[in-house]
Amino acid sequence: MSAEPLAPNSSTRAAWMHTPVGGAPTPRRIVLTIVFIITAFFLVAPLVLIVATGLSSGLGVFWRNLTEPATVHAVMLTLMTALIVVPINILFGLAAAWTVTKFEFPGRTFLIALIELPYSVSPIVAGVAYLFVYGSQGLFGPLLEAYDIKVMFALPAIFLASMFVTAPFVARELIPLMQVQGTDEEEAAVTLGASGFATFWRVTLPNVKWAVVYGAILCNARVMGEFGAVSVVSGNIRGQTTTLPLQIELLYQDYNVVGAFTAATVLTAVALLTILIKVGLERVGRVPHAGPSH
Amino acid sequence: MRRRVIPGFGLALGTTVLYLGAIVLLPLCALLLKASGIGLSELWGILSSPRTLAAIRVTLTMAFAATIFNAIYGLLLAWVLARYEFPGKRLLDALVDVPFALPTAVAGLALTALFAKNGWFGKPLEAIGISVAYTPLGIAIAMAFTSIPFVVRTVQPVIEDLGSEVEEAGRSLGASDFQILRKIIFPSIFPAFLAGCSLSFARSLGEFGAVIFIAGNQPMRTEIVALLTYIRLEEYNYQAAAAIATVMLLMAFIMLIVINAVQSWQLRVIGRGDT
């Protein structure tokens, strides 16, 4: 897909026509060198630094930092958030994609825009907005206080804010794919007497399952790494509402740099694993390569 | 009308609207409601205060600087990935996704350590008199890092789809490489390029995690709008937080409109190319 347009094999064409623009050795070498150098400084060095600093005091210290109770608690909270948010967003993504790709209705374009809205809103704005719903100054604040239900500065707010920032992830992968696939297969299944659920489960889902997996993995990475929205709504109570990214900031503020980088190593590993799975899915051709992302 | 053959419209639409309403629209409406409760003179007072104006200026200029860097580096990256074969190409392609996969707080921490006075890059840069960490330059670098994939991933597929026929036609008419680049290739990828740059700019405006570590957060000098919102909240100054957050939301909406306009222009250009 990438190289094929460059090499017209026809021997009747003159040699100078075979070399595409920028394909001559000298410009090629210059452009590649510039890209390699910037990439090494800009994208690779941060990764190397995180792991190097995390491990700089030896494996023993690394392990001690990793198993420190507050960090372990942060890891567990982060995992729990992902376990709650990702499945909900998979269901939402499927419902949203099913709605906007299988049916025509007034307001469809508006709904698609609405699905993508969280991408453009700053996580800080999302966090602040949640405060004005569930906080003591917010719409439902007095009501929640009357029943002694705590949403803000507690786990529910972390889950809700995470849902806000990742709502489009699965839907975004599914909508273009399901749009291309059309409705013929579903219509055939329904005409042959399949129920709506059977149609979805046996016809639609198998066609899009890898896109669901891909969207879920991106969603998971973002949930585990979300910082801005969560830091506004979590209250940052040590050992209680600190997710892993918040714990990194706390450690850093305590001048425990190695500890902060150790926690960062865990999230870096999640990020690299996410990319690895993405590359794997692309290579077997289950998801479209590149394309406008996010 | 051949609709409603497939069942489940009500259920799927209901779920989607309910979820979007509860998770996305409700909080945004609550924010706007809170902001609308502020009197106009108070609102003006909050927004025209020197500190707010400085934060807006720093955010806009540094987001612009980050976008300029991403425009150049992103275009080169997309070009290299779409056009050249070289060892390590797959690795480079995977590396482009690092800023999206890596949590912004982790990126911010790493960039700060790299550019601090005694850091790997900070030390040599300091020696030639350039400070990055805790200066506006640091903000621009953090913003550029978190938004570089937008430019690459919007431009890369368009360069890949660009047929070699137009280039060959241009060449057989005697055009030089530079002319082909300027008159054929660049106009074809320009809408996508602009869309990628707008996405990068929009993301930079709202970036928080990566920036607050490296910015140093000095009011009037290296304070971004997102941080000022956060600080007003911590001071329990909810009115000011609501007002500034609303400005951020407004900027996001403006960018959304710009991006949509650019993308529909891009679709028209692609459509014209096909026929």
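Here, every reference points to the structure presented above.
On a predicted model such as this, the values are computed, not experimentally measured, just so you know.

A. Looking closely at the overall build of chain B. Tallying secondary structure elements over chain B gives 13 helices and 0 strands in all. When the helices and strands of chain B are listed from N to C terminus, the series reads α-α-α-α-α-α-α-α-α-α-α-α-α. Counting only C-alpha atoms, chain B reaches 70 × 70 × 35 Å along its principal axes. Across the 275 residues that make up chain B, the buried fraction comes to 57%. For chain B, the proportion of contacts with a sequence separation of at least 24, taken over those separated by at least 6, is 76%. Total accessible area computed for chain B in this model is approximately 11700 Å², and 69% of it derives from carbon and sulfur atoms. Put simply, chain B has 20 plus and 16 minus side-chain charges, and the middle of one group is 5 Å from the middle of the other.

B. Molecular detail of the interface of chain A and chain B. Each partner contributes to the interface: chain A provides 101 residues, whereas chain B provides 101 residues. Where chain A abuts chain B, roughly 9000 Å² becomes buried across the two surfaces, and 77% of that area is made up of carbon and sulfur atoms. It is Val21, Phe42 and Phe132 of chain A in chain A that bury the most area against chain B; as a group they hold 9% of the surface buried on that side. Along the contact surface separating chain A from chain B lie 11 residue pairs in polar contact (both at pLDDT 80 or more).

C. Local environment of the side chain of Lys278 of chain A. Examined against the element boundaries, Lys278 of chain A turns out to sit in helix α14 (residues 257-283). A relative accessible area of 7% means that Lys278 of chain A is categorised as buried. Contact partners of Lys278 of chain A, with chain neighbours within four places excluded, come to Tyr214 of chain A together with Asp97 and Arg153 of chain B.

D. Molecular detail of the packing of aromatic side chains. The full count for this structure, using the stated rule, is 28 aromatic pairs over all chains. Through successive ring pairs, a cluster of aromatic residues spans Trp98, Phe103, Phe105 and Phe200 of chain A together with Phe9 of chain B. Stacked on the ring of Tyr84 of chain B, the Lys or Arg Arg28 of chain A has its end atom at 5.0 Å from the ring centre.

E. Geometry of the pattern of salt bridges. Counted by the stated rule, this structure contains 15 salt bridges over all chains. With a shortest N-O distance of 2.9 Å, Asp93 of chain B and Arg153 of chain B are connected by a salt bridge. You can see Asp93 of chain B sitting in helix α4 (residues 89-95) and its partner Arg153 of chain B sitting in helix α8 (residues 136-161), a full 60 residues away along the chain. Each member of the pair Asp93 of chain B and Arg153 of chain B is classed as buried. Between Glu207 of chain B and Arg203 of chain B there is a salt bridge, with its nearest N and O atoms 3.2 Å apart. There is no split in this pair, since Glu207 of chain B and Arg203 of chain B are both buried. In this structure, a network of salt bridges that share partners links the residues Lys278 and Glu282 of chain A together with Asp93, Asp97 and Arg153 of chain B.

Scoring rules and cut-offs
Residues numbered from 1 in each chain as written. Chains lettered and ligands numbered in written order. Predicted model: local features only at pLDDT ≥ 70, side-chain atom pairs only at ≥ 80, totals over all residues. Heavy atoms only, no water. Helix = DSSP H or I, 4+ residues; strand = E, 2+ residues; numbered from the N terminus. Buried < 20%, exposed > 50% of the residue type's maximum accessible area, 1.4 Å probe, protein only. Contact = heavy atoms within 4.5 Å. Areas by Shrake-Rupley, 256 points an atom, 1.4 Å probe, with all protein chains shown as cover. Lys, Arg positive; Asp, Glu negative; His and termini not counted. Charge placed at Lys NZ, Arg CZ, Asp CG, Glu CD. Buried area = accessible area lost by both parts, 1.4 Å probe. Polar contact = N/O pair within 3.5 Å; in protein donor to acceptor, adjacent residues only side chain to side chain. Phe/Tyr/Trp six-rings, centres within 6.5 Å; stacked < 30°, edge-to-face > 60°. Lys NZ or Arg CZ within 6 Å of the ring centre and 35° of its normal. Salt bridge = Lys/Arg side-chain N within 4 Å of Asp/Glu carboxyl O.

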